Every structure is written in C-alpha cells, then in structure tokens.
Amino acid sequence: MTFDPSDESPRKKGAQDAKPWQRKPLDEAPPPAAQISAERPGERIAKALARAGLCSRREAERWIEEGRITVNGVVLESPAFNVTAQDRIAVDGRPVDSPEPTRLWRYHKPDGLVTTHKDPQGRETVFDHLPEDLPRVISVGRLDLSSEGLLLLTNDGGLARSLELPSTGWLRRYRVRAFGRVSQEELAKLADGITVDGITYGPMEAILDRAETANAWITVSIREGKNREVRRVLEAIGLKVNRLIRVSYGPFQLGKMPPGSVEEVAPSALKEMLGALMPDLPPRFSSRPARPARPVVEAPAPAKTGRRGPKPPPKSAKTRVSLLEEETMRREAGKAKSRAAHAGAGALPAKGKSDWAGKAKAGQKKPFDVGHATKGKPQLAPRRAGDGPKRAQASTKPRKPSR
C-alpha cells in the first residue's frame, strides 16, 4: 500500500505523527524580545543608567543603539529592557558600580554659560567650571545663556526628572530687571494665565518692586518653568528683560552665594525637604550583590574621668576599715620610734632647773646644754688643717661645752 498525502485519514507516518496532541499549532508565534523584557521586574535600562549618573535617558538609548550596553554579558538591542539589582550591567565592557547615595548641590550660575554637557557651537558650559572633585552631576532644569542665579545639581537622574516635572508644583522665583514701564494692575492680570504665539502659559505671580526711569524691578513666581517663559510673557506686555536672576527653586534658596560657587545640601536637610519625593523614586539599581548586614556590636560605656585620669572603682566597707587600721598602726609606729630616739639622747633637764647657778660673771659664758643640742641632730666634726676644701664629716659624738 502506498501513502497518499491527500488522504486525511489518521495514518501514522512517523513517531511524531503517532502523538498528534504534542504537535504545536502553526498560528502561535513566539512573543517578541521587547515584550518579554518589558515583563521582567525592575526598571528600564535607560532610566537605571540615568539614575546612576552616567548619562541621560536619551544618551542611554543612543548607547544601546550603538551596542555599547551589555546586561549579563548579552549586548542589548532595544531600550525596552528592565533590569534589577541582580543584573550585571556594563558600558563599553566596564561594569557599572553601585551608585552613590543621592546628593544635591546648589550652584550660582553666572551669566554667559550654557546649561548643557556638550555645546555644538563650542561655547563654555556650566559643567566646564565646576570643581574637579565633584562627581558627574545632572542639572535640575536649565537656565538660559544670559540668565543667572540658582541651579540645582544632582548625581541622581531620577531625582532630577522628578524635580523638573510641573506636577511637583515647586515654585520658581525670579528677580527680573526689564526695560519699559508697567503698572501693578497690568502685572496682576498675569495671574489668570496668558497665551503667547499659540503657547498657553499658566498663572504667574508678578510684583512690581521698584520702578526706575527706564527699568523696572519685578519679582516673578512660576510653577511650570517652560522654555523662556518669563521672557516671553513679559515681552507680550511690552517689557524687554535685560537681567534675570533665579533666587529660589522650591525650598532651596540662592542666599548670598557668590557667582560660580557650589555648596552641597546636607543629607539631613535633603531628607527633610525631599521627604515627600524620595519614597516615590524607584529603588537604586546595583550591578553587585547586596552585602549582608553586619551585626551590631554595642560599644562599652565610657569610664567616668576626672581631672587626674580615670576614677577608680569604689572600695568596699571592709577594704576601707583595713586601710584605716593600717594608717593608725603606721602613726603609732612613728610615735614609738620618735619616743625611742628621745630616750637614747638623754633626758632633758627639768623645767626651771639648770646646772648653772647665779648670773654669769664678766668674761664667763653660759655652759652649753649638751642634751638639748644633740636632740635628734648629728654633730659635725670641726675642720682641721689637712681636710682641704672637703666638707666636714658628721659626727655622732656630743660636743664638749666651751669653757
């Protein structure tokens, strides 16, 4: 019997045909690689690299197109890929280290610098004038070439993106010097918003501080921060801005910082000011496994010290009694030794009595009291002619009274 391929009867051509329930349907195709990677837990690779402070999201996407990014040794072909803390990420073959803790700096941008890492026209940028010990940072928003004032810098790309969003609602305050004349009534109309060249700008608070002969100083507060928003809105009401200084960005103030200076925000102040924003940020990714927590060892309590060093431990009652008895015995022994010395030197004559009777006559001297003179004192032998310059030796013999 020959096999007819047109026959639809359940014939068995081979071992695979014997199990039709194991056949795969032809209409089901494998899902694309981007869909599989997007279903992985974690965050997008471009966002992770931006949060590490290596580049921006757009630069990370360009690096992926150029084949410079690898994850677990595999070159990425699409930015639609999620990474976690267990993934090993490398850029140009160099592993990406664990990111540093989130830090923020205040920078007083001077006039004439461009807020970008690379300028196609070759102009000086803000990042060309930063201190060398500063890590790679990203600016929170931008300031125009002719604008100056407060510019926030951070090493966390995710934090920079969160602070830039209008949904954050942070107030940006500017000091503006504009050429022309304007009244407070005209500035008050900006609180309802304005449309300039087809672009709608949100409410703006403008206060006239001082009106000079040709210029006016105005304090402007906005929350959106669109491109050249303050300049375009004021030009729409007949003013030409010739100086613009940003004095605050949310809770951060410019203060009295000199132009070009950089000051880091303290971690405690950063946590207090960004307490509502920091929990919303995704967890920082790391290319290294997390280290186990070290056991906490309590340090011993410091010993109380006085002026003369550490204070000795308190003594028990028994020890204090023993020391008192020892001191008493020492005093009694000293007294006994003193009495024995007096007894060996001879008894002193009774008070009021003397071996000399009557008054001394002319040419006579009072006899020397030997016992009183030798009371506990060694006597020195008289010097002789052969002694030389040597000092006289001590003698224990009592001296004879002179006649």
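Note: the structure precedes this text.
Conventions and cut-offs
Residues numbered from 1 in each chain as written. Predicted model: local features only at pLDDT ≥ 70, side-chain atom pairs only at ≥ 80, totals over all residues. Heavy atoms only, no water. Helix = DSSP H or I, 4+ residues; strand = E, 2+ residues; numbered from the N terminus. Buried < 20%, exposed > 50% of the residue type's maximum accessible area, 1.4 Å probe, protein only. Contact = heavy atoms within 4.5 Å. Areas by Shrake-Rupley, 256 points an atom, 1.4 Å probe, with all protein chains shown as cover. Pairing = 2+ DSSP bridges. Arc of directions from axis to C-beta. 1 Å grid on protein atoms, 1.4 Å probe; cavity = no way out; pocket = protein on both sides within 12 Å on 5 of 7 lines; lining within 4 Å. Points joined across faces, edges and corners; volume = space filled by probe spheres on them. Nonpolar A, V, L, I, M, F, W, Y, C, P; charged D, E, K, R; others polar.

Undergrad: Looking at this structure, how should I read the overall build of the chain?
TA: A count of helices and strands for the chain gives nine helices and 21 strands. A buried classification covers 29% of the 403 residues belonging to the chain. Here the contacts in the chain between residues at least 6 apart in sequence split such that 65% fall between residues at least 24 apart. For the chain, the exposed area adds up to about 29100 Å²; of that, 53% sits on carbon and sulfur atoms.

Undergrad: Help me out: how do you make sense of the sheet that holds strand β2 (residues 69-71) in this one?
TA: Strands belonging to one sheet form pairs held by backbone hydrogen bonds; the direction of such a pair is parallel or antiparallel. Spatial strand order, β3-β2-β5-β6: four strands in an open sheet with antiparallel pairing. Looking at the sheet topology across the chains shown, the edges are occupied by β3 (74-75) and β6 (94-95). Pairing of strand β5 (residues 89-91) with β6, which is carried by two bridges, proceeds in the antiparallel orientation. Note that in β6 the partner of alanine 90 across the bridge is proline 95.

Undergrad: Help me understand helix α3 (residues 57-65), please; the structure alone is not making it clear to me.
TA: Residues that lie three or four places apart on an α-helix share one face, since the helix turns once every 3.6 residues. Residues Ala60, Trp63 and Ile64 constitute the buried set of α3. Looking straight down α3, one finds its buried side chains confined to an arc of 100°; they lie on one side. Exposed residues on α3 whose side chains face more than 90 degrees from its buried face are Arg58 and Glu65. Each element contacted by the buried residues of α3 is listed here: α2 (45-51), β2 and β5. Two residues or fewer past α3, glycine 67 is found with a positive phi of approximately 75°.

Undergrad: Is there a simple way to think about the layout of surface pockets in this case?
TA: Where empty space is left can be seen by rolling a probe of water-molecule size over the atoms. Put simply, the largest pocket is a space of about 850 Å³. Forming the boundary of the largest pocket are 22 residues, of which Ser56, Arg57, Arg58, Ile138 and Arg142 lie nearest the centre. Every element with two or more residues in the lining of the largest pocket is listed here: α3, β8 (138-139) and α4 (157-164). Its residues assigned to classes, the lining of the largest pocket shows five nonpolar, eight polar and nine charged. In this model, the second largest pocket occupies a volume close to 720 Å³. Arg142, Gly225, Lys226, Asn227 and Arg228 are the residues nearest the centre of the second largest pocket, which is lined by 29 residues in total.

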